[in-house]
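What follows is the residue order along each chain.
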Amino acid sequence: MGMILVASSTACSLVLRPSASQCSTDGDCTAAGFTGTVCSAQNVCVANAAYCSTNKECNDRSPTQPSICRKSDNTCQQLFTADGACYRFISGYAEGDVTPLNDDNVVVFGEMSITTGSSPLVQGQGLQAELSVELVVDELKNELQGLPTSPSGPIRPVVFVACSDQTDNGKDPLVTARHLVEDLQVPAIIGPFTSNDGLTVAQSPEVLPKGVVELLPVAATGLLDKIPDRHLLLRYAIDDNWIDTYQALITTYLEPWVRQQQALAPSAGVKIAVMNPNDPISLLTSSEVFQRLQWNGGQSVQANLAAGNYSEVGTGSSPTDTAGRANGVAEMVQYAPHIIIVLGLADQELLIPQIEAAWTNAAYRPYYILSNPGIATVTQAAAAPLVGSPTNESLRQRVLGTTPSLPAASPVLPKYFIDYDTLFAAKNLPPSAVTGAYSDAAYTLLLASMSLTTAQPASQALGAEALAQALKTRTQPIAPSTSMDIVSHPSLFQDALHLLRAGQNIDYSGISGPCDFDSVGNAWSPEQVYCVNPNAAALPTRELQTGFFVDAPSTFTNCSGCNGGIGEGQLDKTACGFSSSLTP
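Let me begin by describing the structure that accompanies this report. Nothing here was measured: the structure is a model prediction, and the numbers come from that model. (Residues numbered from 1 in each chain as written. Predicted model: local features only at pLDDT ≥ 70, side-chain atom pairs only at ≥ 80, totals over all residues. Heavy atoms only, no water.)

Observations concerning the nonpolar core
(1) Moving on: Counting 93 residues, the largest nonpolar core has Phe-109, Phe-160, Leu-180, Val-213 and Phe-493 as the members making the most contacts within it.
(2) Moving on: Ala-248, Ile-250, Val-301 and Ile-341 belong to the second largest nonpolar core, which has 34 residues in total. (Core = buried A, V, L, I, M, F, W, Y, C linked by side-chain atoms within 4.5 Å. Buried < 20%, exposed > 50% of the residue type's maximum accessible area, 1.4 Å probe, protein only.)

Structure (structure tokens):
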């Protein structure tokens, strides 16, 4: 093949005679030994402007666009996306400092949570989750500077690329996941946040089939268990425990309280309604409620429905469905249930003030059971401040919820709150046990990563298969193991490093409960009932653990309903500011 090599001031271009063809793919140029070139439309190998050999090259070239040099093809890849979905990176260094990115041994992970969207209150939960990951990364940076390698090897910095997973405002979770997987080639992603987005990403060909671990701290839908091959998927929240906790709370406390307060005869019915936003996950949860919930003397939902003691009320398809939400409020007020189970995200709880304002039954007002820590939502709603407003003290005492959490006696959750508040006091985004699950995912992912990096060269990539296996073995109570949490081991990463190098496994006990994965990758946690903190001087937007919980099942086999809705502990009426006359 005849060629003429022409030099230019910027690079060398390889030019062919008009009748010749030098390449048809970029791989042809690489195979021909033309490093840093691509195949042009004219079938000529030309210099690739994105070619790089180090991360620093990329960051020096585009100082306002944090980047890495992708090792698979030596091209610069920007961390952030044009649509703003991926918008910052978390490293333990000062915001925007590219020092860790300039290290070619840096380990880059993805993090997806609700940080944009039509509901600022839902968005707040996503930002709390993102900060919970940042809390853990800061701890690793302060203790070890990053992930240790062999005893004499260099430390590997850790970076999480923080992205929004909301489907509105143009942020498609699949597009975001594709950027993390294909452009940045991350070995693992924490998130997405919601069950809907988590399921969308997990079912897609974008993540699991491409060999990337997906850790879901909050997404709890049982539909995730139906994914055919989910060995790279790990879940920290299971919706079966929600239903059991609804059952325990209603049977043990709310139904007796309603009967006592209304002087209902044993034959009279307590009315329950489900507030359903009609998204796929809420529809599934309401179906589980319909199949499993019992009250009024152990009657099924079907029997209660026939007796007029059950209703399911649709509340629109989205926060912007004003007409649907208004119709749902009107229908709920007309039905006048004693107990309302609120499904969906935090924006659903904004309907509580509307229901309260429109309520017409003078004999009683309803109890509300929230399916996630929506205290921030309700208390921040201008129409219904639950703390510091005597006119709403009645409402404050009627709002309860369920959240993955260790029993109240555990000091782990309060320690997480203190650490978070200390680092992020200026953010005005108080945490919850649910957003703390993002910390649990970060802790377990980094501990599993450490178990691998300490036994391999710094230049070796973290493989998804090895990571998933380490998550299911090295951070579990598999002998020989040592139990660890952020209270008993304040220098958790330092202590874990010594144990891992001594051949021990780390039995990590998390903020939202044990992180012990079963054979399919589910970590069952206790589900605790919470109330609204009655202390106006305290942070009113934080839920208060009541001490009443449904434990994780003792066996992970066919676990649906295996708790039987059995509650443990006692609801602390004094701490919650409830009337002492209520029995039990």
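Observations regarding the environment of Gly-211
(1) Moving on: Among the structural elements, Gly-211 can be located in the loop between helix H6 (195–203) and strand E11 (213–216).
(2) Moving on: Residue Gly-211 is classed as partly exposed on the basis of its relative accessible area, which comes to 32%.
(3) Moving on: As for Gly-211 and Gly-463, which are separated by 252 residues in sequence, their C-alpha atoms are 8.2 Å apart. (Helix = DSSP H or I, 4+ residues; strand = E, 2+ residues; numbered from the N terminus.)

Focus: the layout of surface pockets
(1) Moving on: By volume, the second largest pocket amounts to about 470 Å³.
(2) Moving on: As for the second largest pocket, its lining consists of 27 residues, of which Lys-71, Val-106, Leu-184, Gln-185 and Ala-461 are closest to the centre.
(3) Moving on: Every element with two or more residues in the lining of the second largest pocket is listed here: strand E5 (67–70) and strand E8 (107–113).
(4) Moving on: In terms of residue count, E5 provides more of the lining of the second largest pocket than any other element does, 3 residues in total.
(5) Moving on: Across the lining of the second largest pocket, the residue classes tally to 14 nonpolar, 8 polar and 5 charged. (1 Å grid on protein atoms, 1.4 Å probe; cavity = no way out; pocket = protein on both sides within 12 Å on 5 of 7 lines; lining within 4 Å. Points joined across faces, edges and corners; volume = space filled by probe spheres on them. Nonpolar A, V, L, I, M, F, W, Y, C, P; charged D, E, K, R; others polar.)

Describing the state of the cysteines
(1) Moving on: Evaluation of the coordinates by the stated rule reveals 6 disulfides.
(2) Moving on: A disulfide bridge connects Cys-52 with Cys-69, and the sulfur atoms are separated by 2.1 Å. Taking the sign of the S-S torsion, 95° for the link of Cys-52 and Cys-69, the bridge is right-handed. Note that Cys-52 is positioned in the loop between strand E4 (45–47) and helix H2 (55–61) and Cys-69 in strand E5, a separation of 17 residues in sequence.
(3) Moving on: The class of Cys-52 is buried, set by a relative accessible area of 0%.
(4) Moving on: Covalent S-S linkage joins Cys-86 and Cys-163, the inter-sulfur distance amounting to 2.0 Å. Every disulfide takes its handedness from the sign of the S-S torsion; for Cys-86 and Cys-163 that torsion is 100°, giving right-handed. Taken as a pair, Cys-86 in strand E7 (residues 86–90) and Cys-163 in strand E9 (residues 158–164) lie far apart in primary sequence, 77 residues in all. The burial state of Cys-86 is the same as that of Cys-163; both residues are buried. (Disulfide = S-S within 2.5 Å.)

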